[in-house]
Amino acid sequence: MGLSALLSVSWALYLYAMGNDAQRSLVCVLLSVVAVAGVLGLAHAPAAALRLALTSTLPACVVYLALDGARLWPMVLVLAVANLTVLVMTFGFHADFVRLELSRQQLARRERLAARLAETNFEQASRDALTGALNRRAILARLGLHMAQDRGGEGQAQPWLALLDLDGFKHINDTYGHAAGDDVLRAVAMRIGAIAGVMAHGRLGGDEFAILFHGGLDGPGVAAAAHELAQSVRVPVVHNGISLRLHASTGIHRVRGPNVSACLERADAALYKAKKRGDGAIVLFGPEDEVALQHRSAMTRRFNACALDDRLCLLYQPFYDVDSRAVVGFEAFARWSPDGQAWLAPGEFLPLATATGRTGELTRAVVARTLAECDAWRRGLTVAINLSPRDVTREGAVESLDRLVRDAGADPAQFLLEMTEAALLADPRRARAQLEAYRAAGFRLALDDFGAGWSSLSQLRDLPLDMVKIDRGLASALASDPGARAIVGTIVSFAWQLGIECMIEGVEDEAQVATARALGIRLMQGYHFARPERVDVALAAMGRAVA
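Residues numbered from 1 in each chain as written. Predicted model: local features only at pLDDT ≥ 70, side-chain atom pairs only at ≥ 80, totals over all residues. Heavy atoms only, no water.

**Q** Could you clarify how one ought to interpret the overall build of the protein chain in this entry?
**A** For the protein chain, the count of helices and strands is 20 helices and 15 strands. Relative to its 547 residues, the protein chain shows a buried fraction of 45%. Partitioning the intrachain contacts of the protein chain with sequence separation of at least 6 by distance along the chain shows that 67% fall at a separation of at least 24. (Helix = DSSP H or I, 4+ residues; strand = E, 2+ residues; numbered from the N terminus. Buried < 20%, exposed > 50% of the residue type's maximum accessible area, 1.4 Å probe, protein only. Contact = heavy atoms within 4.5 Å.)

**Q** Would you take a moment to explain the sheet that holds strand 6 (residues 247-254) for this structure?
**A** Whenever strands of a sheet pair, they do so through backbone hydrogen bonds, lying parallel or antiparallel. Spatially, the 5 strands line up as an open sheet ordered 2-3-1-6-7, and their pairing is mixed. Here the strands that pair on one side only, and so sit at the sheet edges, are strand 2 (198-205) and strand 7 (282-284). Pairs of neighbouring strands in the sheet enclose a mean axial angle of 20 degrees, with direction left out of account. Pairing analysis gives 6 bridges linking strand 1 (residues 160-167) to strand 3 (residues 208-213), with the strands arranged antiparallel. Among the inter-strand pairings, leucine 163 is bridged to a residue of strand 3, identified as alanine 210. Relative to the sheet, helix 7 (residues 219-234) contacts strand 1, strand 3, strand 6 and strand 7, its axis offset from that of strand 7 by approximately 155 degrees. The sheet strands contacting helix 8 (residues 260-277) are strand 1, strand 3, strand 6 and strand 7, and the helix crosses strand 6 at an angle near 145 degrees. (Pairing = 2+ DSSP bridges. Axes fitted to C-alpha atoms, helices over the stretch in contact; angles between N-to-C directions.)

**Q** Mind showing me how you'd approach unusual backbone geometry here?
**A** A positive phi is found at asparagine 240, a non-glycine position, where the angle reads about 50 degrees. Looking at the secondary structure, you find asparagine 240 in the loop between strand 4 (237-239) and strand 5 (242-244). Taking relative accessible area as the criterion, asparagine 240 reaches 69% and is therefore assigned exposed.

**Q** Sorry, what's going on with the pairing of strand 1 here?
**A** Successive side chains on a regular strand alternate, one facing one side of the sheet and the next facing the other. Counted residue by residue, strand 1 has 8 buried out of 8 residues, so it is predominantly covered. Residues Trp160, Ala162, Leu164 and Leu166 point to one face of strand 1 and Leu161, Leu163, Asp165 and Asp167 to the other, with burial holding for every one of them. Here strand 1 pairs with strand 6 via 8 bridges, running antiparallel. Directly across from aspartate 165, in strand 6, lies its bridge partner serine 249.

**Q** I'm lost on the packing of aromatic side chains in this one. Help?
**A** Here the structure, examined in full by the defined rule, presents 3 aromatic pairs. Above the face of the tyrosine 527 ring, arginine 531 is positioned so that its terminal group lies 4.0 Å from the ring centre. (Phe/Tyr/Trp six-rings, centres within 6.5 Å; stacked < 30°, edge-to-face > 60°. Lys NZ or Arg CZ within 6 Å of the ring centre and 35° of its normal.)

**Q** Looking at this model, I keep getting lost on the pairing of strand 2. Mind explaining?
**A** With 6 of 8 residues buried, strand 2 lies mostly within the body of the structure. Summarising the sheet, strand 2 and strand 3 pair through 6 bridges and their orientation is antiparallel. Note that in strand 3 the partner of glycine 205 across the bridge is glutamate 208.

**Q** Is there a simple way to think about the side chain of arginine 254 in this case?
**A** Note that arginine 254 resides in strand 6. A distance of 2.9 Å separates the side chain of arginine 254 from the backbone oxygen of glycine 215, its partner in a polar contact. With sequence-adjacent residues up to four places away left out, arginine 254 is seen in contact with Ala157, Gln158, Pro159, Trp160, Gly215 and Leu217. (Polar contact = N/O pair within 3.5 Å; in protein donor to acceptor, adjacent residues only side chain to side chain.)

**Q** Whenever I open this one, the packing of helix 13 (residues 397-407) against helix 15 (residues 428-441) confuses me. Can you help?
**A** Working note: a packed helix pair is described by the angle between its axes plus the distance between those axes. One can describe the packing of helix 13 onto helix 15 by two numbers: an axis separation of 10 Å at closest approach and a directional angle of 20 degrees. For the element pair helix 13 / helix 15, the angle class is roughly parallel. Considering how the two elements wind past one another, helix 13 and helix 15 form a crossing that is right-handed. In this structure, helix 13 uses Ala397, Val398, Leu401, Asp402 and Arg406 to contact helix 15, whose residues at the interface are Gln434, Ala437, Tyr438 and Ala441. Taken together, the residues of the contact of helix 13 with helix 15 break down into 6 nonpolar, 1 polar and 2 charged. (Parallel < 35°, antiparallel > 145°, perpendicular 65-115°, else oblique. Left-handed = near helix turned anticlockwise from the far one by under 90°. Nonpolar A, V, L, I, M, F, W, Y, C, P; charged D, E, K, R; others polar.)

**Q** Help me understand the nonpolar core, please; the structure alone is not making it clear to me.
**A** Residues Trp336, Phe415, Tyr438 and Ile504 are the most contacted members of the largest nonpolar core, which totals 77 residues. Sequence-distant contacts of isoleucine 504, that is, excluding residues within four places in its chain, are made with Ile470, Ala475, Leu478, Ala516, Ile521, Leu523, Met524 and Gln525. Counting 29 residues, the second largest nonpolar core, distinct from the first, contains Ile172, Ile195, Leu229 and Val237. (Core = buried A, V, L, I, M, F, W, Y, C linked by side-chain atoms within 4.5 Å.)

**Q** Sorry, what's going on with the sheet that holds strand 10 (residues 382-386) here?
**A** Within the closed barrel, the 8 strands sit side by side as 8-9-10-11-12-13-14-15. Their pairing is mixed. Put simply, the sheet's adjacent strands are angled 30 degrees from each other on average, direction ignored. One ladder, built from 3 bridges, connects strand 12 (residues 444-450) with strand 13 (residues 467-470); its direction is parallel. Residue alanine 446 lies in a different strand from strand 13, and its bridge partner there is methionine 467.

What is shown is where atoms sit, not what they do.
Here it is, written out as structure tokens:
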């Protein structure tokens, strides 16, 4: 461009030299206008504008001064000042343009960075860091979106919500460590995503997953998909060369209802039913489950709102030493009433206490009522009280019960605290430490319902026990079943070697009494001797010998 400008200027100056005064004036004006216009036109390229100004102005000024110096020097000065001014403006405009462009580029970079950060934050906010599946917030949001579409009347078949819980996961964590548990969770998440019909899945927490199956599946279809998933979960996960085996229980509910919480509640009810069945069962929430859920919800609300002292009563059943034919103690049985008329056994209302977080309050109420109304402990007899599973592991339970007993002036050694083996399974280490604390406080400890199917003789060796109570199922078969007699005989022999007393419960006839006594059991309890009764009736048994 500079060469072209130089040639054009040279041609114009040649014409200038050959022309008359008028022609020279015209060439001078046109050349000045073209030079200024060219510089302004190259404002985006100031270096080119400078070259154009130099190639057009300097040769022209030299020619003007050489040919018409005396007459044109003012014009040469004006031309130089004009070009200098235009160049300064051009460089200024270019600098502003560069700053603006750099600002625009920086803003664009910031927008791209913000977009990437937003995408990363969304990913982190919606993904479970361990498994890569959706997290609790995201999967529930997806569920809520489907429910909103249903309320919007879009007419699409609603998906199925499945809750999957890993059975045996805690054992893997406790035995092989959390790294093994993490590998299992990652493997399960990948296997869920590989099942046909799965629309979305996420980890709700711990070892529980939520899965949305496609709404086009019917009941048998979603059950088949869940069964395929259950079989996939059963495939061992290899961790450090070790095959880790577990299975999953699954509860399924077709998405409908007023809100996400209601859907979760129904799927969870189906899951609870599946876990009770065991062996990786799959349960679809049905009409009968809805009836049971509504009843349980009503009962839970009543239990949560009631004053326990007004809705609680205790029955007492004596237990006997058949050698001395005398009552040696009483077991307190709690009953709760939702309406003051119907009275429910612990198996019916203890889940309500657990759901409402009132198990500790319930146990304290039972102990306080027992201390107040049953004075058998004042007469040197033993009083047995059943602990809930939460009492076996809950922080502060030992101190609370110890304070209640001692404030009443009683000796903890006169109280036998009973727990089932199932109460020890949730957290065996914590449970053992808690039992040691009960023993240190002076309480005596009994393992209830021993031999009911879970039991292992190692429990008698490993736990700080004073007594084992043999389950009523063995008692009922004792007189007629040699196998039951062999089992009871083994329990009695092993307990005797460990210095643990044995009592058999559920004794209902004289044949069972005779058989149990022949096996070495002298402490017995059951309908054959007395039924659980109100305190005044029960205490009257102290004056009667065994028939």
